[in-house]
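# Close look at the chain arrangement
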Amino acid sequence: MNPKETVKKGYDALSMLYRQDDASPDQYKLWTEKLISLLPSSPTHILDIGCGCGVPVSRDLVAAGYAVTGIDISEKQIERAKILVPEGRFFCQDITSDTQLSASGAITEQGQLDAIVALYVLFHMPLDEQAVLMRRMAGWLKEGGYCLMTVGIKPWELEGEEAGWLGSDESVKMWWLQTSIDQYRTWAKEAGFEVIEDVHTADLVGGSEGHQLLLLRKPYRSCVAT
């Protein structure tokens, strides 16, 4: 099975097990509050990549008065997001597909977004697509915009597929792949980002060494050395 299809079907099956309707993990609250403290007042447009069911990130950003667009590959997750966060715009898409993005109008032009959130999503993609997506995110942001993402710390030599994730039925599978934190830092800089924060964060569901939280900023052109 295609890795992305594994992820799609996995979250379709595990949606409620992974995240309840009223979930509010402390880590997410701290991260969204940090982002909100940096953003201008509305109108502010934020893209939530791998938004899941919209809880808690899209929900909390909408509550703060921002216009939020969420994209996720799981139909079940998006169905829930539309119910749980009716003020947001949600699309079931592959964020790496130009065809799907163009058809939906989820992202209509370069430099239109004030912030992008990509928590626990890059490692559900092949490595070459992770690098490309980081460059594209920089293009979607306005100058001075922020990107908040979690990435891996240690590289995995083999693709990680797990059956029965989170105690689910063994027929349900999930897939991950990541490289080193040094490589993610390099990709971020090559994309044109400056690193504002770079801190370790524990794995919310256990079972790994955790992840690295990167808070990135797209500098104004006048601030970029020539």
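Our subject in this report is the structure included herewith. It should be emphasised that the depicted structure is a prediction, and the values quoted were computed from it without experimental measurement. Sequence order sets the numbering: in each chain, residues are counted from 1 along the sequence as written. Thresholds applied to this predicted model are a pLDDT of at least 70 for local features of residues and 80 or more for the giving and counting of side-chain atom pairs; totals over whole chains, interfaces and linings are not thresholded and use all residues. Excluding hydrogens and water, the side-chain figures rest on all heavy atoms present in the structure.

## Focus: the sheet that holds strand β4 (residues 113–118)
Whether parallel or antiparallel, the strands of a sheet pair through hydrogen bonds between backbone atoms. What counts, and what does not: Here, any two strands with at least 2 DSSP bridges between them count as paired. A run of DSSP states H or I qualifies as a helix once it reaches four residues; a run of E qualifies as a strand once it reaches two. Both are numbered from the N-terminal end. For helices, the fitted axis covers only the stretch in contact; all axes are lines through C-alpha atoms, and the angles between them, taken along N-to-C directions, range from 0 to 180 degrees. Two residues qualify as a contact provided that any one of their heavy atoms is within 4.5 Å of a heavy atom in the partner residue.
Overall, mixed pairing links the 7 strands, which are arranged β3-β2-β1-β4-β5-β9-β8 in an open sheet. Edge strands, defined here as strands with exactly one partner in the open sheet, are β3 (89–92) and β8 (194–201). With strand direction ignored, the average angle separating the axes of adjacent strands in the sheet is 15 degrees. In the sheet, strand β5 (residues 141–151) pairs with strand β9 (residues 211–217) via 6 bridges, with the strands oriented antiparallel. Note that in β9 the partner of Leu148 across the bridge is Leu215. Where helix α2 (residues 26–38) meets the sheet, its contacts fall on β4, β5, β8 and β9, and the angle it forms with β5 comes to roughly 170 degrees.

## Observations regarding the packing of helix α6 (residues 127–140) against helix α7 (residues 181–190)
Relative orientation and spacing of two packed helices are given, respectively, by the angle between their axes and the distance between those axes. To be explicit about the condition: Definitions for this section: a left-handed crossing has its near helix turned counterclockwise from the far helix by less than a right angle. A right-handed crossing has that turn clockwise. Put simply, Ala, Val, Leu, Ile, Met, Phe, Trp, Tyr, Cys and Pro go in the nonpolar bin, Asp, Glu, Lys and Arg in the charged bin, and everything else, Gly too, in the polar bin.
It is at 8 Å that the axes of α6 and α7 come closest, and there the two elements cross at 35 degrees. Considering only the axes of α6 and α7, their crossing is right-handed. For the pair α6 and α7, the contacting residues are Leu127, Gln130, Ala131 and Met134 in the first and Tyr184, Trp187 and Ala188 in the second. Its residues assigned to classes, the contact of α6 with α7 comprises 6 nonpolar, 1 polar and no charged.

## A look at the pairing of strand β2 (residues 67–72)
This is how the line gets drawn: Relative accessibility thresholds used throughout: buried, under 20% of the residue-type maximum; exposed, over 50%; partly exposed, between the two (1.4 Å probe, protein chains only). When the strands point away from the viewer and the connection leading from the first strand across the helix to the second strand turns clockwise, the crossover is called right-handed.
Along β2, 5 of the 6 residues are buried, which leaves the element largely enclosed by surrounding structure. Relative to β2, strand β1 (residues 45–49) runs parallel, the two being bridged by 5 bridges. Within the sheet, the bridge partner assigned to Ile49 lies in β2 and is Ile71. For the segment spanning β1, helix α3 (residues 57–63) and β2, crossover handedness is right-handed. In this structure, β2 lies alongside β3, joined through 4 bridges in parallel fashion. Residue Thr69 lies in a different strand from β3, and its bridge partner there is Arg89. At this point the chain moves from β2, through helix α4 (residues 75–84), to the parallel β3, and the crossover so formed is right-handed.

## Concerning α7
Here is the rule: Here the arc refers to the set of directions running from the helix axis out to each C-beta atom.
Among all positions in α7, only Ile181, Tyr184, Trp187 and Ala188 are buried. Buried residues of α7, seen end-on, are gathered within an arc of 120 degrees and therefore sit on one face of the element. Among the exposed residues of α7, those oriented more than 90 degrees off its buried face are Asp182, Lys189 and Glu190. On the buried face of α7, the contacting elements are α6, β5 and β9.

## Here we look at the side chain of Gln178
Put simply, the test is: We call two N or O atoms a polar contact when they sit within 3.5 Å, provided that within protein one can donate a hydrogen and the other can accept it, with sequence-adjacent residues counted only if both atoms are side-chain atoms.
By the element assignment, Gln178 lies in the loop between β7 (173–176) and α7. A distance of 2.8 Å separates a polar side-chain atom of Gln178 from the backbone oxygen of Lys154. Residue contacts for Gln178: discarding those within four places in its chain leaves Phe123, Leu127, Gln130, Gly152, Ile153, Lys154, Pro155, Trp156, Tyr184 and Glu209.

## A closer look at the environment of Asp72
Following the sequence through the fold, Asp72 ends up in strand β2. Separated by 64 residues in sequence, Asp72 and Lys8 place their C-alpha atoms 8.8 Å apart. Once residues lying within four places of it in the same chain are set aside, the contact partners of Asp72 are Gly50, Cys51, Gly52, Gln77, Ile78, Phe91, Cys92 and Gln93.

## Quick word on the environment of Val57
For Val57, the position within the fold is in helix α3. Given the relative accessible area of 6%, Val57 is considered buried. With 42 residues separating them in the primary sequence, Val57 and Ser15 have C-alpha atoms 15 Å apart.

## Side note on the side chain of Ser168
With respect to the element layout, Ser168 can be found in the loop between β6 (160–163) and β7. Overall, Ser168 belongs to the buried group, its relative accessible area being 15%. If we ignore the near neighbours within four places in the chain, the residues touching Ser168 are Leu14 and Leu17.

## Some words on the pattern of salt bridges
Applied cut-off: Salt bridges are counted wherever a side-chain nitrogen of Lys or Arg sits within 4 Å of a carboxyl oxygen of Asp or Glu.
Inspection of every chain in the model, using the stated rule, returns 14 salt bridges. Notably, a salt bridge pairs Glu161 with Lys173, separated by 3.7 Å at the nearest N-O pair. In this pair, Glu161 is assigned in strand β6 and Lys173 in strand β7, connecting sequence segments 12 residues apart. Three or more residues are tied together by salt bridges with common partners; here these are Lys4, Asp94 and Glu129.

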